Structures are given as C-alpha cells and as structure tokens.
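Each chain, letter by letter, is given below.
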Amino acid sequence: MVYAGPIILGFLLGFILGSRIRDNPESEMNFTTSVYIVFIIVAIVVAYFFGPFPWYTDSPFANGLISAAVGIIFGKLILGRKSIPIETEEE
Amino acid sequence: MSTILKLFAFPASLIIMCYGILTILGGHITPGGGFQGGAIIAGALIFCFIVYGLKKMPFHISHDFLAGLESVGALGFVFLGLAGLFASGFFMYNLGVDLYHIVPIDIRNLFDYPDPLHAGIIPYLNFVVGLKVLVGLSAVVYAFLEFKEYNGDEEVEEDKAEEED
C-alpha cells in the first residue's frame, strides 16, 4: 500500500518551487531538457539510497523525494515555460 | 563566479530542494521538520542567488510570490489552530488524532494524515511552517542583494557625476 500523504504534500511543495523556474534571457547559462533528465535520474538514485525514509515501508524509494522531483518537473512544465521579462530603463 | 559553478549550482539546488521537502515530510517522526526543511530549501535558493546573482537567477522570485507564500503559510497555521478551537474547544487540538474522542469521525478523517502513524495535523503544520521559513530566510538574502544592487547603481551614478565635474 502506497501512502498518499507524503506523495501529495511533496508534489505540492515541488510544484510551487518548480513553477518559479524561468529561462533567463540575461543569463549566459541555458538549462535545457537534459538538465532536468539528469536531475530526475539523480533524484531517483538519491531516493533509492535513502530507502523508505522516513520509515514508510511501502516502497524501496523515498516517496517524498521522488514526488518532490516530479512536482518540480511538472511545475516547470506547466507554469514555468515563460522567460523572465527583461527590465528596461523606461519601466 | 566560474562557469563550472554556474553549470553545477542549478541542478544541485534542485536536489537540495528535494532533500528539504523530504525533511519537511518526515518532520513528525524524524529529527527535522518545517523549520529545518524550510531552511534547507532556502539554502538552495540562496546558493542560486549567490552563484547567479539577482539578475541572472534561473528562479523568478518576485516580491508578490514571497508575500503570497508567506501569507499562505501563516494563514494555514492559524486556520489549523482555529479548526481545533471550533471543533473541540482547544486551540491547536490535533483533530486528525483526536486523543480525547471529542470530535465527530468525519472531522477526524478530514484532518487525518494518510501515513502509517496517522499523525493528524502535525505534518500539515510542518508544511505551512516550511513555507514560512523558506520565504523568511530567502527574503532576507533577496533584500540584501536588491539593496546592494540599488546601492551599486547609486555609486555608479555618483562616479559618473564626479567624472563629469
């Protein structure tokens, strides 16, 4: 049985944080899809080594960490696709 | 900051955020909780603030966002406390656990946290405290950086004025 509590709350917090990720045109760094793929792989590995933290016995992964990572990705995809508007002198 | 650090900081901050969220979620049964988890998430944001600076930050942290998140945290805490007061007569009564068996079963089920311990409202309190702490700590650094930028602009203008004289 998978417990819904940590999955829902973890997703919510991740979604809030992920929704603030924006492509910044002023920055020379360009974070593409590959960054998020690496991030989700690393999150799965970290969750596996955490084990069923905090003492949930439902799965070999830390559910909260996985759902937070998924929430960040969903937040980025749904609300974080716009770029940060460049501030001009007139504004 | 160096390019290597700029390449590393954003993905690392995402992982640190996940770890902070995990700390918040385990707050009712492990060391840690809302404050510690919120501080870890704020640490991830501050990491990005320092590496990228305010203008080149990959997170769009605005004043409205910070104010909204902090308000949700504070109001959520007050709401959970008042819910206990109205339903049982005790402020911050743990409605999801209902140790004294004084609230209806529907209300108990409503505030029950679905995990093996059935910790009631404690994980929800951790959640809202986490929101407040993450905003509080990151807002301090945000304000300092904005002030520095504002002050820096003033200094540049003063230098230009001196050069013109």
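Up top you'll find the structure we're talking about.
Only a predicted model underlies this, so the values are computations on that prediction, with no experimental measurement involved.

**Some remarks on the packing of helix α1 (residues 4–18) of chain A against helix α3 (residues 63–79) of chain A**
All names here are of chain A.
Move 1: The N-to-C vectors of α1 and α3 enclose an angle of 40°; their axes lie 6 Å apart at closest approach. When the axes of α1 and α3 are compared, the crossing they make is right-handed. Of α3, the residues touching α1 (which contributes Pro6, Ile7, Gly10, Phe11, Gly14, Phe15 and Gly18) are Asn63, Gly64, Ser67, Ala68, Val70, Gly71, Ile72, Phe74, Gly75, Lys76, Ile78 and Leu79.
Move 2: Here the residues of the contact of α1 with α3 sort into 10 nonpolar, 8 polar and 1 charged.

**A word on the environment of glycine 14 of chain A**
Move 1: Position of glycine 14 of chain A relative to the elements: it lies in helix α1.
Move 2: By relative accessible area, which is 0% here, glycine 14 of chain A ends up buried.
Move 3: Residues glycine 14 of chain A and phenylalanine 31 of chain A, 17 residues apart in the sequence, show an inter-C-alpha distance of 18 Å.
Move 4: The residues contacting glycine 14 of chain A, other than those within four sequence positions of it, are Ala68, Gly71 and Ile72 of chain A together with Ile21 of chain B.

**So, the nonpolar core**
Move 1: Judged by nonpolar contacts, the single largest core of 51 residues is most densely connected at Phe10, Leu14, Met17, Tyr52, Phe59, Ile61 and Leu134 of chain B.
Move 2: Elements that contribute at least two residues to this core include exactly α1, α2 (33–50) and α3 of chain A together with α1 (3–25), α2 (34–52), α3 (63–88) and α5 (122–164) of chain B.
Move 3: With 9 residues, the top contributor of residues to this core is α1 of chain B.

**So, a nonpolar patch on the surface**
All names here are of chain A.
Move 1: A surface patch of nonpolar side chains, about 690 Å² in accessible area, is lined by Ile37, Ile41, Ile44, Val45, Tyr48, Phe49 and Phe61.
Move 2: Looking at where phenylalanine 49 falls in the secondary structure, it is placed in helix α2.
Move 3: Exposure remark for phenylalanine 49: the relative accessible area of 66% places this residue in the exposed category.

Conventions and cut-offs
- Residues numbered from 1 in each chain as written.
- Chains lettered and ligands numbered in written order.
- Predicted model: local features only at pLDDT ≥ 70, side-chain atom pairs only at ≥ 80, totals over all residues.
- Heavy atoms only, no water.
- Axes fitted to C-alpha atoms, helices over the stretch in contact; angles between N-to-C directions.
- Helix = DSSP H or I, 4+ residues; strand = E, 2+ residues; numbered from the N terminus.
- Left-handed = near helix turned anticlockwise from the far one by under 90°.
- Contact = heavy atoms within 4.5 Å.
- Nonpolar A, V, L, I, M, F, W, Y, C, P; charged D, E, K, R; others polar.
- Buried < 20%, exposed > 50% of the residue type's maximum accessible area, 1.4 Å probe, protein only.
- Core = buried A, V, L, I, M, F, W, Y, C linked by side-chain atoms within 4.5 Å.
- Patch = residues over 30% accessible without salt bridge, like charges linked within 9 Å, V, L, I, M, F, W, Y side chains within 5 Å.
- Areas by Shrake-Rupley, 256 points an atom, 1.4 Å probe, with all protein chains shown as cover.
- Salt bridge = Lys/Arg side-chain N within 4 Å of Asp/Glu carboxyl O.

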